[in-house]
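# Understanding the architecture of this molecule
This is what each chain is made of:
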Amino acid sequence: MQARTDLIKTKNIGTINVNISKHAVTLVTDRLTFKSYNQMDSAQLINQLYGMLGNPRNVEMFCEGEPWSQSRVKDYVDRYTCQWSQGNLYAPFAVFDSATQELIGNLGIYYPVHTYEEIGRGHRNVAEIGYIVDIKHWGKGFGLEMATVGKKYINNLARQLNVGSTQEVPVEVTASSHPDNEASKKILKKVLKGREDVIFKKHNGNPRLMFFKPIKPPVHEASCDSVKPSLSSMRHA
């Protein structure tokens, strides 16, 4: 994909600056900076994520509901750092407070995902978002901001790849939440709108609710949610 900088306007969180340079991606809002894993020192990132994912209070309703070991965090960081470096643009971001540069969360972007093919009406060829905010930063609206950025990034990427490309792209953005996680359900309902009523099992048998929103096809006229290139595109060296 060409190196580029795009501005994506949103109704909820203002403008998202998307910078794609070779295999590295940075997303910036007024408050947060999202960095692809391959931009950071892996050992430092592992320690930072372990401090969050190893905290039982943070992960009570995240994945299996159990603290992550340091080795699991390392495997996760290593796997997705490699994917970023190989050119996979559907991969997780470390999320930082732009003012303090403190790690405040993680935004997972995953594609392809086959979890939801038999859920409800059936959801195939989907991309998934998954986010976690460190408990120190709960109540600040960061969860809504991260989910919105994830949805918009996937939409942006799918539209760009849809134009003159034979590469398969997702047709829907999905996410899931524990049925008892009221804050997460409220956020995902606001961001993705659609929800399947059936409760299904995921993450070693934990109950989940699924949220979804179709990806809009490429647009050619400016609109509130249209992608507006701000710099001339450049091909990779």
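This report concerns the structure included in the present document. (Residues numbered from 1 in each chain as written. Predicted model: local features only at pLDDT ≥ 70, side-chain atom pairs only at ≥ 80, totals over all residues. Heavy atoms only, no water.)

### Observations concerning the overall build of the protein chain
In terms of regular secondary structure, the protein chain is built from four helices and 11 strands. Every one of the 237 residues in the protein chain was classed for burial, and the buried ones make up 49%. Within the protein chain, residue pairs in contact and separated by at least 24 positions form 61% of the contacts whose partners lie at least 6 positions apart. Working note: accessible area of the protein chain is about 11,500 Å², and carbon and sulfur atoms make up 50% of it. (Helix = DSSP H or I, 4+ residues; strand = E, 2+ residues; numbered from the N terminus. Buried < 20%, exposed > 50% of the residue type's maximum accessible area, 1.4 Å probe, protein only. Contact = heavy atoms within 4.5 Å. Areas by Shrake-Rupley, 256 points an atom, 1.4 Å probe, with all protein chains shown as cover.)

### Considerations on the environment of Thr174
Counting through the fold element by element, Thr174 comes out in strand β8 (residues 172–177). Judged by relative accessible area, which is 0%, Thr174 ranks as buried. Residues Thr174 and Phe211, 37 residues apart in the sequence, show an inter-C-alpha distance of 5.6 Å. Here Thr174 is in contact with Tyr116, Val126, Ala127, Glu128, Ile129, Leu192, Met210, Phe211 and Phe212, once residues within four sequence places are set aside.

### Here we look at the packing of aromatic side chains
Inspection of the entire model under this criterion finds nine aromatic pairs. Centre to centre, the rings of Phe62 and Trp68 are 6.2 Å apart; their planes meet at 35°, and the pair counts as tilted. For Phe62, a relative accessible area of 19% corresponds to the buried category. Both rings, one in Tyr76 and one in Tyr80, keep their centres 5.0 Å apart while their planes meet at 65°; by these two values the pair is edge-to-face. Of the two residues, Tyr76 and Tyr80 are both situated in helix α2 (residues 70–85); the distance of four residues between them amounts to about one turn of the helix. Note on accessibility: Tyr76 and Tyr80 belong to one class, buried. Following the ring pairs from residue to residue traces out a cluster consisting of Tyr37, Phe62, Trp68, Tyr76, Tyr80 and Tyr110. One residue, Lys35, lies across the ring of Phe96, its end atom 5.4 Å from the ring centre. Lying over the aromatic face of Trp68, Arg72 brings its terminal NZ or CZ to 3.9 Å of the ring centre. (Phe/Tyr/Trp six-rings, centres within 6.5 Å; stacked < 30°, edge-to-face > 60°. Lys NZ or Arg CZ within 6 Å of the ring centre and 35° of its normal.)

### Let's talk about helix α1 (residues 42–53)
End to end, α1 covers 16 Å across 12 residues, agreeing with the expected 16 Å (1.5 Å per residue, within 8%). Taken as a whole, α1 has its buried residues at Leu45, Ile46, Leu49, Met52 and Leu53. Viewed along the axis of α1, the buried residues span an arc of 130°, placing them on a single side of the element. The inward-facing, buried residues of α1 abut α2, β5 (93–97), β6 (103–113) and β7 (126–133). Taking the backbone nitrogen of Ala43 as reference, a side-chain oxygen 3.3 Å away marks Asp41 as the first, capping residue of α1. (Expected span 1.5 Å × (residues − 1). Arc of directions from axis to C-beta. Polar contact = N/O pair within 3.5 Å; in protein donor to acceptor, adjacent residues only side chain to side chain.)

### A look at the environment of Ser21
Here Ser21 lies in strand β2 (residues 15–21). Judged by its relative accessible area of 39%, Ser21 is partly exposed. Residues Ser21 and Thr5 lie 16 residues apart in sequence; the distance between their C-alpha atoms is 8.5 Å.

### Notes on the pattern of salt bridges
If the charged atoms of two oppositely charged side chains come close together, the side chains can form a pair. Inspection of the entire model under this criterion finds 10 salt bridges. A salt bridge links Arg4 to Asp6, with the shortest nitrogen-to-oxygen separation between them at 2.8 Å. Take Arg4 and Asp6: they sit in the same class, and that class is buried. Taking the shortest distance from any N to any O, the salt bridge between Arg72 and Glu64 comes out at 3.1 Å. When its relative accessible area of 30% is taken as the criterion, Arg72 is described as partly exposed. The exposure class of Glu64 is partly exposed, given its relative accessible area of 22%. (Salt bridge = Lys/Arg side-chain N within 4 Å of Asp/Glu carboxyl O.)

### Considering unusual backbone geometry
A cis geometry characterises the amide bond from Tyr111 onward to Pro112, with omega recorded as -5°. With respect to the element layout, Pro112 can be found in strand β6. Even without a glycine there, the phi angle at Lys22 is positive, about 55°. For Lys22, the location among the structural elements is in the loop between β2 and β3 (24–28). Although it is not a glycine, Lys193 adopts a positive phi angle of roughly 75°. Locating Lys193 in the fold gives a position in the loop between α4 (182–192) and β9 (194–202).

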